[in-house]
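Observations on chain architecture
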Amino acid sequence: MAHTIVCTGRGGVGKSTFVALIVRYLKPPSLLIDLDPDLSLADMLGVDFREQGKRTVCEALYDVIEKRKSNVSPSITTHELMESLLWSDCLYERPSFDLITLGTKFTEGCLCAPDNLLRKTIPKLAKNYANVVVDSPAGVEHLNRNIVSNINDLFVLCDPSEKSLKHLARIKEIIKQVGTGYNHFYLVGSYEFDEETEAYLQNTGEIYLGKIDYDAHVEEYNFEGKTLLALPQDSPASLSAKRILAKAGYQIVS
Ligand SMILES: Nc1ncnc2c1ncn2[C@@H]1O[C@H](COP(=O)(O)OP(=O)(O)OP(=O)(O)O)[C@@H](O)[C@H]1O
Ligand SMILES: [Mg+2]
């Protein structure tokens, strides 16, 4: 069974960057799941879904639902059809990682249908991977949606603010109430921390793994839309991600 990692935290704290940074150090193959409707992880990994003829889960699902309005007796259920589409149309494949993105919903209403689909399908997909890595949208609402309910390592990215500590308490309460299982609850400091403010995270009672160092390359690559997979191995952010994974007990590859 795949080792399941979920990265979460407040808006703009560096979640997607962290996911893109750790990919190269994880035992392959990894299945990356982008739950952020804003699709930024694909950009950070240099993945162009359209160019590869791939679709987001929302695109595929709502297309199927629309087409089914005129088909009164389909031979298989929407769920069965979508599950097969998820393996084919929505799974972007590379040698070291595959990627599925939830995508943007352009009509009114909740994301219950794509959420349910992912909740049921991820455990089946996971059997083919060493790791499943989830990049979450900002905030806590995705935790209520409980798309991944058995987490090995929950990495909570934190920024230096009082709000960040309150955010931690909210995360813990939600996953307790929702019944999400996890083995480890890890704190990771964002690049905005300095030594003085880092003390903040060292005294929360949670396991603090360290911070991601500020890295001008990361800023530049993200600004220019260049893949973070091309970052030099010795770039400060890459080395921080490697150090953090090693501290969490991961066997580092590459
Ligand atoms: N180590 C770093 N050094 C410099 N800039 C960084 C670093 N990590 C992240 N950033 C910058 O911070 C910004 C936010 O990063 P990122 O998109 O990874 O955050 P996020 O938490 O995923 O955001 P969102 O909540 O919108 O999904 C980006 O512009 C990115 O370039
Ligand atoms: Mg993000």
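Residues numbered from 1 in each chain as written. Chains lettered and ligands numbered in written order. Predicted model: local features only at pLDDT ≥ 70, side-chain atom pairs only at ≥ 80, totals over all residues.

**Regarding the overall build of the protein**
- Along the protein, the regular secondary structure elements total 10 helices and 8 strands.
- Taking 254 residues into account, the globule formula puts the C-alpha radius of gyration at 18 Å, and the protein, at 18 Å, falls close to it.
- Viewed in the frame of its principal axes, the protein has a C-alpha envelope of about 65 × 40 × 35 Å.
- Burial status across the protein gives 39% buried among its 254 residues.
- Long-range pairs, those at least 24 residues apart, make up 76% of the contacts in the protein with a sequence separation of at least 6. (Helix = DSSP H or I, 4+ residues; strand = E, 2+ residues; numbered from the N terminus. Rg over C-alpha atoms; globule rule 2.2 N^0.38 Å. Buried ≥ 20, exposed ≤ 12 C-beta atoms within 10 Å, placed from the backbone. Contact = placed C-beta atoms within 7 Å.)

**Overview of the pairing of strand S2 (residues 30–34)**
- For S2, a buried count of 5 out of 5 residues is recorded, marking the element as mostly surrounded by other parts of the structure.
- Here S2 shows two buried faces, one formed by Ser-30, Leu-32 and Asp-34 and the other by Leu-31 and Ile-33.
- Where S2 lies against strand S4 (residues 97–101), 5 bridges are found, and the strand directions are parallel. Among the inter-strand pairings, Ile-33 is bridged to a residue of S4, identified as Ile-100.
- Here S2 pairs with strand S5 (residues 131–135) via 5 bridges, running parallel. In the sheet register, Asp-34 faces S5, and the bridge partner there is Asp-135. (Pairing = 2+ DSSP bridges.)

**Concerning the pairing of S5**
- Most of S5 is tucked away, with 5 of its 5 residues classed as buried.
- The two faces of S5 match: Asn-131, Val-133 and Asp-135 on one face and Val-132 and Val-134 on the other face are all buried.
- Here 5 bridges tie strand S1 (residues 3–9) to S5, and the two strands are oriented parallel to one another. Across the sheet, Val-6 pairs through a bridge with Val-134, a residue of S5.

**A word on the sheet that holds strand S6 (residues 150–158)**
- Overall, mixed pairing links the 8 strands, which are arranged S3-S4-S2-S5-S1-S6-S7-S8 in an open sheet. With partners counted over all chains shown, the strands left at the sheet margins are strand S3 (92–93) and strand S8 (207–211), one partner each.

**Looking at the nonpolar core**
- Core analysis: the largest hydrophobic core is formed by 62 residues, its most contacted members being Phe-18, Val-57 and Val-188.
- Sorting elements by how many residues they give to this core places S6 first, with 6 residues.
- In this structure Val-57 touches Leu-86, Cys-90, Ile-100, Thr-101, Leu-102, Gly-103, Pro-114, Leu-117 and Leu-118, once residues within four positions along its chain are discounted. (Core = buried A, V, L, I, M, F, W, Y, C linked by C-beta atoms within 7 Å.)

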